[in-house]
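Listed below are the residues making up each chain.
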Amino acid sequence: MSAGTNLVVPVVLWGKSAPTHCISCIFLSRDQRTLVTGCHDGQICLWQVDPDTLQMIPRCLLVGHTAPILCLARVSVVSDNNYIVSSSESGEMCTWDLVDGKCREVVKLPYVHTNMQAYHMCGSDDIRLFCNGYYAEVLIMDPFSLEVLFTLSSRMSPDWICALHVLRPAKRKDDVILGLTTTGMVKVWTLQGNESKATEPHYEHESKQIRCLNALSMSCCGGNQRTVVIVCAKYWQIYDAGDFSILCSVQAPRSERWISADFLSTDRVIAWSDEGKGYMYKLPAKKLKGLVFSSVADNKEFHSAATESDTPFLYCVLAVPNDRPMSCPPAMRYHEVSRSGKVQKYLLRGDSDGAVVVWNIPEVTNSQLAQIKQEEFDKPPGMPPTMSTSLTKAWAAMQPSPVGILDQLERGGTPRVPLTASMYLPQQSRLVVGREDGSIIIVPATQTVMLHLLHGNHQQYDDWPPHQRLIGHVGRVNCLLYPHLVHPRYERAHLVSGGVDFAVCLWDLYSGTLLHRFCVHAGEITQLLVPPNNCSTRVQKCICSVASDHSVTLLGLTERKCVVLASRHLFPVVTIKWRPLDDFMIVGCSDGSVYVWQMETGHLDRVLHGISAEEVLYACDENTSTATAGDSGLANPAVHFFRGLRHRNLSAIRHATQRGIHQLQQLSHHNQQDGSLQQKGRAMPLMIQGLRTNPKDPESHILCFDIEALIVELLTEEYGAMSPGSLEAQGLINQSEYEKVFALTQSASPDAGKKIADFFGRVKDKAGDLERSLKEKDRHDLLGRVKDKAGTFERSIKEKDRHGILAKMKEGAETMQTKIQAKAESVGLRASDKSSE
């Protein structure tokens, strides 16, 4: 993980409870070493699999999607290529590296895929993704760049493609795509391998209407491409691919719905339902005789009316013994892999509890099938899973168990209190954690991390590290805010928290006392925000709070009262935007409506819907980026001035006048400012970020160690405690270098100038090392002067009069030594005595 150019190492403290992982899709790599599960919360879990025993353990959690994962697909033809592509409900697509878990490519499309089939096209070097979903086309994409290469369109009855299958007919070099729309229109495309965006639209070559609405999946038999299985919720059917006539059909079991099906062989089918069960069927030989042997499409024997003997025979059920009812349909997938010259078949299942179940499907001979038929079971024989595991089982099996950030407070039989909110204060190196019982715990971050990650005697202390406990909320703490961390205009001691008790509490961070309790909302607090810096003076001392009763407030921390109450929203608030120079607060709701409020007066300026609402939100984002770039050309102050006159608001009129003057000053300052003088902010060695995979889960924490910032911090502390003599011993200030320069000036060697130039290069390097050791802000100016002096010396050495050079060098060296020592003493470095020098 990297932030900019710095190396950042993340360490996760998960806590005692396993994260929620409601599985929505599942995928097994071709080498059988990695299982991938996507969940409804947008995370992807990587499981390390033993190919021999199928035992697996969770290895990595990939976080990046903001919506449920709908489908997963492989990327390359090579079996050991460790990349996959994921697609979410919001149109996000990501290419992941399964080795280190990094996201190699990401894109957001206006298309929502429900199925992605990886296929090696004719004339292509690598895999192509054939995608269908909530749109009328079929998209062919590059899995590495996530670029849409070309699309397949419909000429007749265009509609959403609900099922898709790609195959290559025997003894042919073209590829055939079978698509089925939601209205039951079968479409056939044929690709030659030279298609691209530049060519004409690619329309279907054939189409036919069948009696199949809202199909879920479609698959062709690999051994006999004339048979196609189409699955709907109530039934699955076998079709003849020549004329799409029905060969046989099977109804779903009572109180169950089919999810999908696939061919085990030319005469056997496995189907699975929303109850998490798999059903294996033997197809009737009479119906398949014409297709399998003679391949005559109009054979009367299998096109005749179906009889009881033509019904597929159910010979085995794959089920979990004593299985609990699931809260949502599981994700299931049939998988075939060739290993040691044998084809192994698996049925994978992932359910809402984060459990993964695998069945190893055995081969059943015709004689065994005949014996099962003769026994006439009341219920077909069942087969338990080969392997079953879950995140909860993996957490319970870990020794020692995963630690949480506040586990030191739960010793001695103290009941565990879930953590619901957290915030890290890097300037104070303190961690603030809100809990389910309404308490807020403040602990020193460095000592807490040391307690959990480093072994030592400190782990035996009962009262270490020391902590503060703030009591003021009744019920869960939902959110925390330290305004001074966002902008220094706020008081350094102020901490704000919002809870499920409808209250916003203002705390003194250092004394731990409750300064004020704001009770202006009629719902639990969901979010706390800081207004922009260029708002009016009154609003600058406020914080913004959002509640579940659809209300938004501006709470004055100095005045200790509610400045603005915006409570006319009909739907939940999902976003807050700002137009500070217009004195507007824009509130976006879940139904797409936008409310524009005046911050000074609290008046509702307007309510927007549709395209107008989207344009206003977009304009706010555009103005934010423009202001960041230094452009002061925002809204006209005259507009706000006349609006203040209309509402008879003297404060708004005064603010409009001040804003106009401020814009002119900012524009003048921006034109005179040199961008090269801007310095990069110093990175923090440690950052702590809360992580919650589901709103109902207790919060975990990610510790991000910035290695470069950590090294700089350690060296700064080390050099700050060293005397000039110690610095000289370490090679940072070496007086003997000047004697070497004196000897070089007396030498008649022709390369003396080169050696002197090398010396001053080393002087510049030492100046750079000293720059990192100084703590004051003006260390860059000091070292700049040192470097300039070294350059002056270098130019003076090239003059002809060597005696004059020596005099200048001695004078410059003494001056530089005096300045460096004086500056070192001014920043706290202890001067050594004369004997040490």
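Notes on the structure in this doc start here. These figures come from a predicted structure and were not determined experimentally.

## Some points on the overall build of the chain
Thought 1: Helices and strands together make up the secondary structure of the chain, namely 16 helices and 50 strands.
Thought 2: Taken across its 837 residues, the chain has 48% of its residues classed as buried.
Thought 3: Restricting the contact set of the chain to residue pairs at least 6 apart, pairs at least 24 apart contribute 51%.
Thought 4: Element-wise, carbon and sulfur atoms account for 52% of the exposed surface of the chain, whose accessible area totals about 41900 Å².

## Brief notes about the pattern of salt bridges
Thought 1: Under the criterion given, the structure shown has 21 salt bridges.
Thought 2: Notably, a salt bridge pairs E256 with K277, separated by 4.0 Å at the nearest N-O pair. With E256 in the loop between β23 (246–251) and β24 (258–265) and K277 in the loop between β25 (268–273) and β26 (278–282), this pair connects stretches of sequence that are 21 residues apart.
Thought 3: Given the relative accessible area of 8%, E256 is considered buried.
Thought 4: Its salt-bridge partner being K282, residue D267 comes within 3.4 Å of it at the nearest N-O pair.

## Quick notes on the packing of aromatic side chains
Thought 1: For the structure on display, the rule yields eight aromatic pairs.
Thought 2: With a centroid separation of 5.9 Å and an interplanar angle of 80°, the aromatic rings of W14 and W395 are classed as edge-to-face. In this pair, W14 is assigned in the loop between β2 (6–13) and β3 (23–28) and W395 in helix α4 (residues 391–397), connecting sequence segments 381 residues apart.
Thought 3: Overall, W14 belongs to the partly exposed group, its relative accessible area being 24%.
Thought 4: W395 sits in the buried class, given a relative accessible area of 9%.
Thought 5: With 5.2 Å between their ring centres and 35° between their planes, Y134 and W160 make a pair best called tilted. With a gap of 26 residues between them, Y134 in the loop between β12 (127–133) and β13 (138–141) and W160 in the loop between β14 (148–153) and β15 (161–167) connect regions that are remote in the sequence.
Thought 6: A relative accessible area of 41% means that W160 is categorised as partly exposed.

## Concerning the pairing of strand β34 (residues 430–435)
If a strand is regular, its side chains alternate between the two faces of the sheet.
Thought 1: β34 sits mainly inside the fold: six of its six residues count as buried.
Thought 2: Burial along β34 is two-sided: R430, V432 and G434 facing one way and L431, V433 and R435 facing the other are all buried.
Thought 3: Inspection of the sheet shows strand β33 (residues 419–425) paired to β34 by six bridges, in the antiparallel sense. The partner of S422 across the bridge, within β34, is V433.
Thought 4: As paired strands, β34 and strand β35 (residues 439–444) are joined by five bridges and run antiparallel to one another. Along β35, the bridge assignment pairs L431 with V443.
Thought 5: The antiparallel hairpin formed by β34 and β35 contains three residues in its connecting segment, where G438 sits at a positive phi of about 95°.

## Remarks on the sheet that holds strand β19 (residues 206–209)
Thought 1: An order of β15-β16-β17-β19 is seen for the four strands of this open sheet, with the pairing classed as antiparallel. Sheet topology places β15 and β19 at the edges, where each strand pairs with a single neighbour. Taken pair by pair, the neighbouring strands of this sheet meet at an average axis angle of 15°, ignoring direction.
Thought 2: Bridging between strand β17 (residues 185–191) and β19 involves four bridges; their strand directions are antiparallel. Paired with K187 across the strands is S207, a residue of β19.

Cut-off values and rules
Residues numbered from 1 in each chain as written. Predicted model: local features only at pLDDT ≥ 70, side-chain atom pairs only at ≥ 80, totals over all residues. Heavy atoms only, no water. Helix = DSSP H or I, 4+ residues; strand = E, 2+ residues; numbered from the N terminus. Buried < 20%, exposed > 50% of the residue type's maximum accessible area, 1.4 Å probe, protein only. Contact = heavy atoms within 4.5 Å. Areas by Shrake-Rupley, 256 points an atom, 1.4 Å probe, with all protein chains shown as cover. Salt bridge = Lys/Arg side-chain N within 4 Å of Asp/Glu carboxyl O. Phe/Tyr/Trp six-rings, centres within 6.5 Å; stacked < 30°, edge-to-face > 60°. Pairing = 2+ DSSP bridges. Axes fitted to C-alpha atoms, helices over the stretch in contact; angles between N-to-C directions.

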